[in-house]
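Notes for the structure review
Residues per chain, in single letters:
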Amino acid sequence: MGESAFSLLCAEVGLVANKSNVDRTGWDYFVEFPYDDVGNIPLDMQKAALECKVQVKSTDKITYKYPLKVSNMRRLATALSPSFVIIIGFNGKGSVDEAYLIHFDDDIIASVLKKIRFLEQVKKRKSLNRATMTVYYDDTMKLAEISGQCLRDKMVSYIGADIGVYVKNKQKTLKTVGFEEGSGVIHFSFAERESFEKMIDASLGISSEVDVASCQIFNSRFGIKSSEPTVDLEAAKLVISSVSPFAEGVVSFSTKIGSISAIFPCEVYVSPLAGIIAGYNRGLRIVSDCFEINGSLTSNVAEISLKFDYGKRYPLLELQNVSKFFKVLSTREADIDCVINCKNKLCLNFYFVSNFPSDWAESLFVTINEAISLSLRFGCFEKVTASVYEMQGKDSSIKQLQSLFDGRINTLYADFTLVERIAIEPGKVCRCLFFCCAVIGRFVFGAIFSSDGVLVQKSDDSYSFSSDNISVEQMVNYSFDYPLTYADMVEKFEKLELLYDNDYQVLRLFNDNK
């Protein structure tokens, strides 16, 4: 009765219900829809007609559940075409009283495949004909009325307008469902302790290859591994190609007295094998652009190794942070306090003593701060980048120039010889003009300074000049990309000489015969 009723409903709206004559196909009807002719699209470019497989079940009592053979459900679940089970309720009447259309969606497909996996791998049942599974239905699946049009509309609501898209999505589900937590399980053993230690390192991303004594690989789906291995090796090399961080956060370094601190973004790696080997204090790895820390989650023992690129140019603010880090590492007064905070996931503290060279770190720290002051004075702070190597090589000129600007250097004494003798003009103050500059990255910062003092002739071509005041006459800065020429500098000096020539005996400590 149910199959006849279903055929009549299909016929009402032009659906072709092709009856299966084989009892083991899992479906009773293969239903073909007519083409939806779209007038403004050529026939050869229109979408394929909809089609689906349907199993028909009759009942005299609606219980909102129905047992089905697992073998039949497997065919419906794995068929690429849309699949349905229709429950037709007669409720003791001679005609159809109500009907429910159950669509084999992703959830039902997953439950069917999981059941099959369980029966085969756990229960060791190769035949699925005698196993059953219950499908559940509710009023959301009920046909609003017993009519062919209502049946058609209900099917289309599940399938959609494009059968190609439906098939593509179902293919994806069949390939991926059950593998959300991986597709395999590996069993392996180690012949020696060293290999296990390397495994811990590999899980932290420190190394990648580990020698194992034996290895078995089982496929796994829905967390159920196969009863027999797909790969069985007596010896193998395990390669962990990539490891994702446990968390991202920030790490700060400071002395216990808290006089200075440096803060860096970092990635934190935690080994799931940490603590398994007694006495092996490694299971935590903190990685930043500047350094790497290897330690343990259960103790404050940690090792820090630098991996800083001393030749790479950084913005001055980042370089200042690095110099603070080096300064903290060079402390001798107290242990270093290292705090890792990973967005409420993890908070750790480490203490260690460093033998970093203190004189070098202090000099670098001062030089970079002087460089920042200079770049701010010239309005170029955001443009300047520099490396540690550059800061080391230019530290004296940077400190000298900043000291001239700040007034920390306010006296000038110079001994020099001249190619041509000059006469000292009585009654005139000697104004000495000189240029001082510093290179920071690809920028040159400098100024023409003036100093009023006493010029003394020591011999025919030998002179000395002394002064206890220094003033800024003209600030000069340029980049290597747009350099200032030597002729431009000579012109700046000549203009200042003309300005002061009447009132001063002008002395230029700048070679214009270069």
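Residues numbered from 1 in each chain as written. Predicted model: local features only at pLDDT ≥ 70, side-chain atom pairs only at ≥ 80, totals over all residues. Heavy atoms only, no water.

**A word on the overall build of the protein chain**
On a plain count of helices and strands, the protein chain comes out with eleven helices and 28 strands. Computed over the C-alpha atoms, the radius of gyration of the protein chain is 42 Å, more than 25% above the 24 Å expected from 2.2 N^0.38 for a compact globule of 514 residues. Principal-axis analysis of the C-alpha atoms places the extent of the protein chain at approximately 135 × 70 × 40 Å. Expressed as a percentage of the 514 residues in the protein chain, the buried residues total 43%. In the protein chain, the share of contacts with a sequence separation of at least 24, taken over all contacts with a separation of at least 6, comes to 64%. Of the roughly 27,800 Å² of accessible surface on the protein chain, a fraction of 50% belongs to carbon and sulfur atoms. The positive charge centre, built from 56 side chains, and the negative charge centre, built from 65, are 10 Å apart in the protein chain. (Helix = DSSP H or I, 4+ residues; strand = E, 2+ residues; numbered from the N terminus. Rg over C-alpha atoms; globule rule 2.2 N^0.38 Å. Buried < 20%, exposed > 50% of the residue type's maximum accessible area, 1.4 Å probe, protein only. Contact = heavy atoms within 4.5 Å. Areas by Shrake-Rupley, 256 points an atom, 1.4 Å probe, with all protein chains shown as cover. Lys, Arg positive; Asp, Glu negative; His and termini not counted. Charge placed at Lys NZ, Arg CZ, Asp CG, Glu CD.)

**A word on the environment of V270**
With respect to the element layout, V270 can be found in strand β15 (residues 261–270). For V270, a relative accessible area of 27% translates into the label partly exposed. A sequence separation of 233 residues divides V270 from D503, and the C-alpha atoms of the two residues are 75 Å apart. Beyond its immediate stretch of four places on either side in the chain, V270 contacts L204, F246, G283, L284 and L297.

**Side note on the nonpolar core**
The biggest cluster of nonpolar side chains holds 65 residues, and the ones touching the most others in it are F253, F326, I340 and I440. A77, A110, I116 and L119 belong to the second-largest nonpolar core, a separate cluster that totals 30 residues. (Core = buried A, V, L, I, M, F, W, Y, C linked by side-chain atoms within 4.5 Å.)

**A closer look at the packing of helix α7 (residues 316–329) against helix α8 (residues 358–377)**
Running from amino to carboxyl end, α7 crosses α8 at an angle of 160 degrees, the nearest separation of the two axes being 8 Å. When the interaxial angle is binned, α7 and α8 end up roughly antiparallel. Crossing of α7 against α8: the hand is left-handed. On α8, the residues touching L316, L319, Q320, S323, K324, F326 and K327 of α7 are W360, A361, E362, L364, F365, I368, N369, A371, I372 and S375. (Axes fitted to C-alpha atoms, helices over the stretch in contact; angles between N-to-C directions. Parallel < 35°, antiparallel > 145°, perpendicular 65-115°, else oblique. Left-handed = near helix turned anticlockwise from the far one by under 90°.)

**Description of the layout of surface pockets**
Of the pockets and cavities examined, the largest pocket occupies roughly 670 Å³. If you go around the largest pocket, you meet 32 residues; those closest to its centre are S71, N72, R74, R75 and N129. Breaking the lining of the largest pocket down by element, the ones donating at least two residues are β3 (51–59), β4 (65–69), α2 (70–78) and α3 (106–121). Among the elements that line the lining of the largest pocket, the one with the most residues is α2, at five residues. Classifying every residue of the lining of the largest pocket by side-chain character gives nine nonpolar, nine polar and 14 charged. (1 Å grid on protein atoms, 1.4 Å probe; cavity = no way out; pocket = protein on both sides within 12 Å on 5 of 7 lines; lining within 4 Å. Points joined across faces, edges and corners; volume = space filled by probe spheres on them. Nonpolar A, V, L, I, M, F, W, Y, C, P; charged D, E, K, R; others polar.)

**Some remarks on the pattern of salt bridges**
All chains considered together, the criterion is met by 18 salt bridges. Through salt bridges with shared partners, a single network forms among E370, R377, D406 and R408. (Salt bridge = Lys/Arg side-chain N within 4 Å of Asp/Glu carboxyl O.)

**Description of α8**
For α8, spanning 20 residues, the distance from its first C-alpha to its last is 29 Å, which sits close to the expected 28 Å at 1.5 Å a residue. For α8, the set of buried residues is A361, L364, F365, T367, I368, E370, A371, I372, L374 and S375. Looking at the buried positions of α8, the neighbouring elements they touch are α7, α9 (388–393), α10 (395–406), β24 (429–440) and β25 (443–457). In the stretch just after α8, G379 is the one whose phi turns positive, near 70 degrees. (Expected span 1.5 Å × (residues − 1).)

**What about the confidence of the model for the protein chain?**
Per-residue confidence for the protein chain gives a mean pLDDT of 88, with 94% of residues at or over 70. Within the protein chain, the element-level pLDDT minimum falls on strand β21 (residues 347–352), averaging 71, and the maximum on helix α4 (residues 148–159), averaging 97. (pLDDT = per-residue confidence, 0-100.)

**Brief notes about the sheet that holds strand β2 (residues 29–32)**
If you trace the five strands from one edge of the open sheet to the other, you get β1-β2-β3-β5-β6, paired in mixed fashion. Two strands in the sheet have a free side with no partner beyond their single neighbour: β1 (16–19) and β6 (98–103). When strand polarity is set aside, the average angle formed by the axes of neighbouring strands in this sheet is 30 degrees. Of the strand pairs in this sheet, β2 and β3 are connected by four bridges, and their pairing is antiparallel. Bridge pairing in β3 links E32 to E51. The sheet strands contacting α4 are β3, β5 (83–89) and β6, and the helix crosses β6 at an angle near 20 degrees. (Pairing = 2+ DSSP bridges.)

**Section: the state of the cysteines**
Working definition of a disulfide: a covalent bond connecting the sulfur atoms of two cysteines. Within this structure, the stated rule accounts for zero disulfides. No disulfide involves C430; its sulfur sits 6.3 Å from that of C432, the nearest cysteine. By relative accessible area, which is 3% here, C430 ends up buried. Not engaged in a disulfide, the cysteine C436 finds its nearest cysteine sulfur in C437; these two sulfurs lie 6.5 Å apart. (Disulfide = S-S within 2.5 Å.)

**As for the environment of I470**
Within the secondary structure, I470 sits in the loop between β26 (462–467) and β27 (471–479). A relative accessible area of 16% places I470 in the buried class. As for I470 and P245, which are separated by 225 residues in sequence, their C-alpha atoms are 57 Å apart. If near-sequence neighbours (up to four positions away) are discounted, I470 is found in contact with L404, I409, N410, T411, L412, F434, F449, S450 and S451.

**What to know about the packing of α2 against α3**
Running from amino to carboxyl end, α2 crosses α3 at an angle of 130 degrees, the nearest separation of the two axes being 9 Å. In this view, α2 runs oblique relative to α3, as classed from their interaxial angle. As for the relative orientation of α2 and α3, their crossing is left-handed in sense. Residue-level contacts link V70, M73, R74, A77 and T78 of α2 to I108, I109, V112, L113, K115, I116 and L119 of α3. Looking at the contact of α2 with α3 residue by residue, the class counts come to nine nonpolar, one polar and two charged.

**Some details on the pairing of β25**
The element β25 is largely enclosed, with a buried count of twelve among its 15 residues. With eleven bridges joining them, β24 and β25 adopt antiparallel strand pairing. Opposite C432, over in β25, you have S451 as the bridge partner. Between β24 and β25, which follow one another and run antiparallel, lie two residues, and G441 among them has a positive phi close to 65 degrees. Relative to β27, β25 is paired through eight bridges, and the arrangement is antiparallel. Paired with F443 across the bridge in β27 is S479. Where β25 lies against β26, five bridges are found, and the strand directions are antiparallel.

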